[in-house]
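Residues per chain, in single letters:
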Amino acid sequence: MNGDGKFMHSRYTTIPETKNIKLPIGGKIRLGIRVKNEQGVEHPKETNYFVCPEEVRDVYGDEPTELIVFFPRANREEVFPQAYEKYGSNNALLCKGDGEVSKTAQRLNLENGRWEDVVCPCEHYQKYDPKTKIGGCNKVGHLFFMIPSVSIGTFYECTIHGTVSISEVNSGFNVADITTGGCWDMIPFRMRRVAKKLKIPGTAKMKTHWVVTLEVAASTEEIKRVKKGEILYLGQNAHYELDTARLPKENKAYVPQETEEETKAREAEAAKKKEALLKEYEESKAKTAQLEKEIEEGKHDIKTYKEAKVISEEIVNNLATDSQKKTIYGDVICEKCGTKVYGFKCLKCKNTDLHVIKEGIFHDPLLTRADFEKELKPTIYPFKLTAVEADKVILWWKGNKEKMTVGERVRRESKEEKEVETIEPIIEGTKEERLKAAQEIVDKTGKLELREGSKGLLDDEEEKPGSSINNAIPFVSKKKKISKAEDFIAPK
């Protein structure tokens, strides 16, 4: 109610528990089938084609190896989320985590039904062992897309397992970002099954697998039309109309048959639009041919899809690996936002309260500010650091046992040990004063070290007979000689 005492109908519109809006998944496109072995036990088997629902097979055939798909948003994290996942025997999700960013996962407690935070990856990240019931966690990516030639309002999901296929799809999105400027929503992609020979873990043998790949399937002109909003998606050339014969007569929305004049006007308008589309097509074709000619002549620096993919792969392959980065920057997480940090400040939220899980070269107390202006200068830009530069930094600081090279850290550590303060001999004052000063030094806590070449005397003169135990004067007497403190002090 408001101040007038009237009820406000539009005040309450959303319930917090219902804010988690999901895409309407109409079906799943799989990458394999289930078969039975000789013992009658079912197991999954990879196929070289997409296993599709009936409505997709009606358009692409029973065993399609290529699909034209669209994505509603140009956001890789939304249309292709990836995680470490473990499922139970009833296909229920038991655990899900990232394994890299926050190092945590959420695991279902089967006793109380609550989700709890655990370290990720854990002991379950391996092949499932039915005896110990350990394992079964895998890298999984869920690809969400539309197939407009089948249905514009239905989304399909394709679950992709394995590092290679997930990397191939990520590479496809990366190339799309380069070629379209990051605006690849509602632009067609060619989704294919491609044969690749992969090494069998633990052996030297190779096996053929059918990985999933993505590539943009549109020209520059077509992409521009989508960006300008002239069409919702590429391929939207047909005009869909309701079949009036199927509408019931009692429906108030039923439109009676048009007159002859209206039919002629509609046909003339349709012919006009068709002529305009044909003209636009011919102009686009001519522009594309002209552009290709100018590219061959070197007038443009526009990259083809294959060229852009090669550049992208070269950039990725030349960058420092995760292992090299951990050696240099350590394993550090921002306590505020949980982002992985490469340095001393979170680039995302500018926070300096960091949680150091494992120290790296950056955390060594023997480093100086000058190091970051010389040898460590390339590491100031972690996302541009190349593998070659990273190797140079690690070799400079740690050295290499195989190549018999000593690292800078060992040199500095040795130098620091040599610079320990030595005790100068006491030569000033009377014998009693020198004894008192020597006793004060002995009583102090700490490590006493002799100078190089010193024999333990309090002056630099040559050792005289009777000045130490090793150089004592023989004493002949019936009584035994008792050494005193004075015997170890050199006479002045």
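This structure is a prediction, so every number in the text was calculated from the model and none was measured.

Visitor: Is there a simple way to think about the overall build of the protein in this case?
Guide: Of regular secondary structure, the protein possesses 10 helices and 17 strands. Per-residue burial over the protein gives 25% buried out of 492 residues. Here the protein displays about 35900 Å² of accessible surface, and carbon together with sulfur accounts for 52% of that area.

Visitor: Is there a simple way to explain the pairing of strand 6 (residues 93-97) in this structure?
Guide: The two faces of a sheet get side chains in turn, since along a regular strand they alternate between them. Examined bridge by bridge, strand 5 (residues 82-87) and strand 6 share 4 bridges and lie antiparallel to one another. Opposite Y87, over in strand 6, you have L93 as the bridge partner. Between the antiparallel neighbours strand 5 and strand 6 lie 5 residues, among them N91 with a positive phi of about 65 degrees. As judged from the 3 bridges shared by strand 6 and strand 7 (residues 104-108), these two strands associate in the antiparallel manner. Following the sheet pairing, K96 is matched in strand 7 by Q106.

Visitor: Sorry, what's going on with the side chain of T379 here?
Guide: Mapped onto the elements of the fold, T379 is located in the loop between strand 15 (354-358) and helix 8 (387-398). A polar contact is formed between the side chain of T379 and the backbone oxygen of L376, at a distance of 2.5 Å. Filtering out sequence-adjacent residues up to four positions away, T379 remains in contact with I328, Y329, F362, L385 and V393.

Visitor: How do you make sense of the sheet that holds strand 12 (residues 206-216) when you look at a structure like this?
Guide: On the basis of which strands lie adjacent, the open sheet formed by 3 strands has the order 4-11-12 and antiparallel pairing. At either margin of the open sheet sits one strand with a lone partner, and together these are strand 4 (66-69) and strand 12. Neighbour to neighbour, the strand axes of the sheet diverge by 35 degrees on average, direction disregarded. Bridge analysis of strand 4 against strand 11 (residues 189-199) gives 4 bridges, and the strand direction is antiparallel. Following the sheet pairing, L67 is matched in strand 11 by M191. Helix 3 (residues 163-180) rests against strand 11 and strand 12 of the sheet, and its axis sits at about 25 degrees to strand 12.

Visitor: Help me understand helix 7 (residues 322-329), please; the structure alone is not making it clear to me.
Guide: Side chains of residues three or four places apart in an α-helix project in the same direction, reflecting 3.6 residues per turn. Of all the residues in helix 7, the buried ones are Q324, K325, I328 and Y329. Take helix 7 and look down its axis: the buried residues cluster within an arc of 105 degrees, on one side only. Buried residues belonging to helix 7 abut strand 13 (331-334) and helix 8. Count one or two residues on from helix 7 and you reach G330, which has phi positive near 75 degrees.

Visitor: Honestly, the environment of Q324 in this entry has me stumped. Any pointers?
Guide: If you trace the backbone, Q324 turns up in helix 7. Among the residues examined, Q324 registers a relative accessible area of 10% and is labelled buried. Placed 63 residues apart in sequence, Q324 and A387 show a C-alpha to C-alpha distance of 7.6 Å. With sequence-adjacent residues up to four places away left out, Q324 is seen in contact with A387, A390, D391 and I394. A polar contact of 2.9 Å, which involves the side chain of Q324, links it to the side chain of D391.

Visitor: How should the environment of K127 be read in this particular structure?
Guide: Within the fold, K127 resides in the loop between strand 8 (115-119) and strand 9 (138-147). Given a relative accessible area of 76%, K127 falls into the exposed group. Between the alpha carbons of K127 and C137 there is a distance of 7.5 Å; along the sequence they are 10 residues apart.

Visitor: Whenever I open this one, the pattern of salt bridges confuses me. Can you help?
Guide: Pairing of side chains with opposite charge becomes possible as their charged atoms draw close. By the definition in use, this model includes 15 salt bridges. In this structure, D371 engages R412 in a salt bridge whose closest nitrogen and oxygen atoms are separated by 2.8 Å. Placement of the pair is D371 in the loop between strand 15 and helix 8 and R412 in helix 9 (residues 408-418), with a sequence separation of 41 residues. By relative accessible area, which is 5% here, D371 ends up buried. Bridged by salt links that share partners, the residues E66, R190, R192 and E215 form one connected network.

Visitor: How should I be thinking about the side chain of E408 in this particular structure?
Guide: Within the secondary structure layout, E408 lies in helix 9. E408 gets classed as buried once you look at its relative accessible area, which sits at 19%. Not counting residues up to four positions away in its chain, the partners in contact with E408 are W396 and W397.

Visitor: Could you clarify how one ought to interpret the packing of helix 7 against helix 8 in this entry?
Guide: When two helices pack together, their arrangement is given by the angle between the helix axes and by the axis-to-axis distance. Orientation of helix 7 relative to helix 8, taken along the N-to-C sense of each, is 40 degrees, at an axis distance of 10 Å. When the interaxial angle is binned, helix 7 and helix 8 end up oblique. Taken as a pair, helix 7 and helix 8 cross one another with a handedness that is left-handed. Where helix 7 approaches helix 8, its residues Q324, T327 and I328 are matched on the opposing element by A387, A390, D391, V393, I394 and K398. Split into classes, the residues belonging to the contact of helix 7 with helix 8 amount to 5 nonpolar, 2 polar and 2 charged.

Visitor: Explain the sheet that holds strand 6 to me, please; I cannot follow it from the model alone.
Guide: In a beta sheet, neighbouring strands are held together by backbone hydrogen bonds and run either parallel or antiparallel to one another. Read from one edge to the other, the open sheet built from 7 strands follows the order 1-10-9-5-6-7-8, with strand pairing classed as mixed. If you trace the sheet from one side to the other, it starts and ends with strand 1 (25-28) and strand 8, each paired once. Averaged over all neighbouring strand pairs, the angle between strand axes comes to 35 degrees, with direction disregarded. Strand direction decides the pairing type here: strand 1 and strand 10 (residues 151-161), joined by 3 bridges, are parallel. Its bridge partner being in strand 10, G27 is matched across the sheet by Y156. Against the sheet, helix 3 touches strand 5, strand 9 and strand 10, its axis set at about 45 degrees to strand 9.

Analysis parameters
Residues numbered from 1 in each chain as written. Predicted model: local features only at pLDDT ≥ 70, side-chain atom pairs only at ≥ 80, totals over all residues. Heavy atoms only, no water. Helix = DSSP H or I, 4+ residues; strand = E, 2+ residues; numbered from the N terminus. Buried < 20%, exposed > 50% of the residue type's maximum accessible area, 1.4 Å probe, protein only. Areas by Shrake-Rupley, 256 points an atom, 1.4 Å probe, with all protein chains shown as cover. Pairing = 2+ DSSP bridges. Polar contact = N/O pair within 3.5 Å; in protein donor to acceptor, adjacent residues only side chain to side chain. Contact = heavy atoms within 4.5 Å. Axes fitted to C-alpha atoms, helices over the stretch in contact; angles between N-to-C directions. Arc of directions from axis to C-beta. Salt bridge = Lys/Arg side-chain N within 4 Å of Asp/Glu carboxyl O. Parallel < 35°, antiparallel > 145°, perpendicular 65-115°, else oblique. Left-handed = near helix turned anticlockwise from the far one by under 90°. Nonpolar A, V, L, I, M, F, W, Y, C, P; charged D, E, K, R; others polar.

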